[in-house]
Amino acid sequence: MPEFLVDEAIEDYAYLQTSAEPPLLQELIDQTNLNMGWPQKLSGRLVGRTLKLLSAMVRPKQALEIGMFTGYSALSIAEGMPDDGRLVCCETNPRAIEFAQGFFDRSEHGHKIEVIFGRALETIEKLDMALDFTFIDADKRNYLNYYERVKEMTRPGGLIVLDNVLWSGKVLQPESEIDDILVETNRRIAADPDVENVFLTLRDGLNVVRKKD
Ligand SMILES: C[S@@+](CC[C@H](N)C(=O)[O-])C[C@H]1O[C@@H](n2cnc3c(N)ncnc32)[C@H](O)[C@@H]1O
């Protein structure tokens, strides 16, 4: 499967015509590339600026991220949140947590972020939050479980954003169990009467879902 689903020259053009992330996030990308395994897990400018924009429009007081990695998307979401907003991030990789925390400590938005180590499903079972905004970007095996649980926790009008919903195009010809889970998650969201959504062909696919009032 291609790394880019969109023509690479078009992807580059879109990148250049999108607002740059703040210098601290550019440094975070560089340091992730230098120091972390699988740096391509970091979502990058197009997804990151989309999250920032959506967050700045919703102004979430209570937000959740499932799958934080080195903190790029967390800081992008936090940028759009009010100063007293709270973003809970779930992550299982202690190295990624340590790395991200170093950047949160240096950011004017870092005080909004609380990281919880452990498997996200167990973490969110215990969370008592009325969510305004959630970004789902961890293990694909649990995507449907994450969606169902987060939807319950989301207040009317709140947003749920899911990354990698095109799964490198494998949703068109599913072969594995994980491919099937992505297909089923997408199908359930599109058929869910409780929400309205737009399935964006941005990078590896970004599903933006709004719980109806
Ligand atoms: C694609 S990366 C997240 C990228 C990040 N959101 C960004 O945009 O830069 C997925 C992350 O989810 C974490 N992860 C995987 N399974 C998890 C689970 N069950 N609970 C919490 N985090 C998990 C991985 O350790 C990894 O750091």
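The name that an unreviewed UniProt entry assigns to the chain is O-methyltransferase, with the source organism given as Marinobacterium zhoushanense.

So, on to the environment of Leu206. If you trace the backbone, Leu206 turns up in strand S7 (residues 206-211). Spatially, the C-alpha atoms of Leu206 and Leu162 are 5.7 Å apart, while their sequence positions differ by 44 residues. The contacts of Leu206, once residues within four sequence positions are left out, are Val47, Thr50, Phe135, Val161, Leu162, Asp163, Val165, Val198, Phe199 and Leu200.

This next bit is on the packing of helix H2 (residues 23-35) against helix H5 (residues 94-106). Packing of H2 against H5 leaves a shortest axis separation of 11 Å and a crossing angle of 155 degrees. For the element pair H2 / H5, the angle class is roughly antiparallel. Every pair of crossing elements has a handedness; the one defined by H2 and H5 is right-handed. Taken together, the residues of H5 that come into contact with H2 (itself represented by Leu24, Glu27, Leu28, Gln31, Thr32 and Asn35) are Arg95, Phe99, Phe103 and Arg106.

In this structure, Leu28, Leu87, Ile113, Phe133 and Val161 are the most contacted members of the largest nonpolar core, which totals 34 residues. For this core, the secondary-structure elements that each account for two or more residues are H2, helix H3 (45-58), helix H4 (72-79), strand S2 (86-91), H5, strand S4 (131-136), strand S5 (154-163) and S7. Top element by residues in this core is H5. It accounts for six residues. Among all residues touching Phe133, those that are not within four sequence positions of it are Leu51, Leu54, Ser55, Pro60, Gln62, Ala63, Leu64, Ile77, Leu159 and Val161. Grouped together as the second largest cluster of nonpolar side chains are 26 residues, Leu127, Tyr147, Ile178 and Ile189 included.

Moving on: the site of the ligand. Residues in close proximity to the ligand total 21 residues, the closest being Ser43, Gly67, Ser73, Glu91 and Asp137. Contacts to the ligand include Tyr146, whose side-chain N or O atom sits 3.4 Å from a nitrogen atom. Its free accessible area being 610 Å², the ligand has 88% of it covered by the protein chains. When the residues that make up the shell around the ligand are grouped by side-chain class, the tally is nine nonpolar, six polar and six charged.

Time to look at helix H8 (residues 177-191). Over its 15 residues, H8 runs 21 Å from end to end, which matches the ideal 21 Å to within 8%, given 1.5 Å per residue. Along H8, the residues classified as buried are Ile178, Asp179, Ile181, Leu182, Thr185, Asn186 and Ile189. Viewed along the axis of H8, the buried residues span an arc of 165 degrees, placing them on a single side of the element. Turned more than 90 degrees off the buried face of H8, the exposed positions are Glu177 and Ala191. Elements that come into contact with the buried residues of H8 comprise helix H7 (143-153), S5, strand S6 (195-200) and S7.

A few words now on the pattern of salt bridges. Scanning the model with the defined rule gives 20 salt bridges in all. We note a salt bridge from Glu125 to Arg149, for which the minimum N-O separation is 3.8 Å. Of this pair, Glu125 sits in helix H6 (residues 120-126) while Arg149 sits in helix H7, placing them 24 residues apart in sequence. Notably, a salt bridge pairs Arg187 with Glu184, separated by 3.0 Å at the nearest N-O pair. Here Arg187 and its partner Glu184 are both found in helix H8, three residues apart, which amounts to about one turn of the helix. Within this structure, Glu148, Glu184, Arg187 and Arg188 form a network of salt bridges that share partners.

Our focus in this paragraph is the pairing of S2. On a regular strand, each side chain points to the face opposite its neighbour's, so the side chains alternate between the two faces of the sheet. The buried count for S2 comes to five of six residues, which makes it a mostly enclosed element. As paired strands, strand S1 (residues 62-66) and S2 are joined by five bridges and run parallel to one another. Pairing of Gln62 across the sheet is with Arg86, part of S2. In terms of handedness, the path from S1 via H4 over to S2 forms a crossover that is right-handed. The pairing of S2 with strand S3 (residues 113-117) spans five bridges and is classified as parallel. Across the sheet, the residue bridging to Val88 is Glu114, located in S3. Remark: the S2/H5/S3 crossover connection has right-handed handedness.

Reading guide: rules and limits
- Residues numbered from 1 in each chain as written.
- Predicted model: local features only at pLDDT ≥ 70, side-chain atom pairs only at ≥ 80, totals over all residues.
- Heavy atoms only, no water.
- Helix = DSSP H or I, 4+ residues; strand = E, 2+ residues; numbered from the N terminus.
- Contact = heavy atoms within 4.5 Å.
- Axes fitted to C-alpha atoms, helices over the stretch in contact; angles between N-to-C directions.
- Parallel < 35°, antiparallel > 145°, perpendicular 65-115°, else oblique.
- Left-handed = near helix turned anticlockwise from the far one by under 90°.
- Core = buried A, V, L, I, M, F, W, Y, C linked by side-chain atoms within 4.5 Å.
- Buried < 20%, exposed > 50% of the residue type's maximum accessible area, 1.4 Å probe, protein only.
- Near = heavy atom within 4 Å.
- Polar contact = N/O pair within 3.5 Å; in protein donor to acceptor, adjacent residues only side chain to side chain.
- Areas by Shrake-Rupley, 256 points an atom, 1.4 Å probe, with all protein chains shown as cover.
- Nonpolar A, V, L, I, M, F, W, Y, C, P; charged D, E, K, R; others polar.
- Expected span 1.5 Å × (residues − 1).
- Arc of directions from axis to C-beta.
- Salt bridge = Lys/Arg side-chain N within 4 Å of Asp/Glu carboxyl O.
- Pairing = 2+ DSSP bridges.
- Right-handed = clockwise from strand over helix to strand, strands pointing away.

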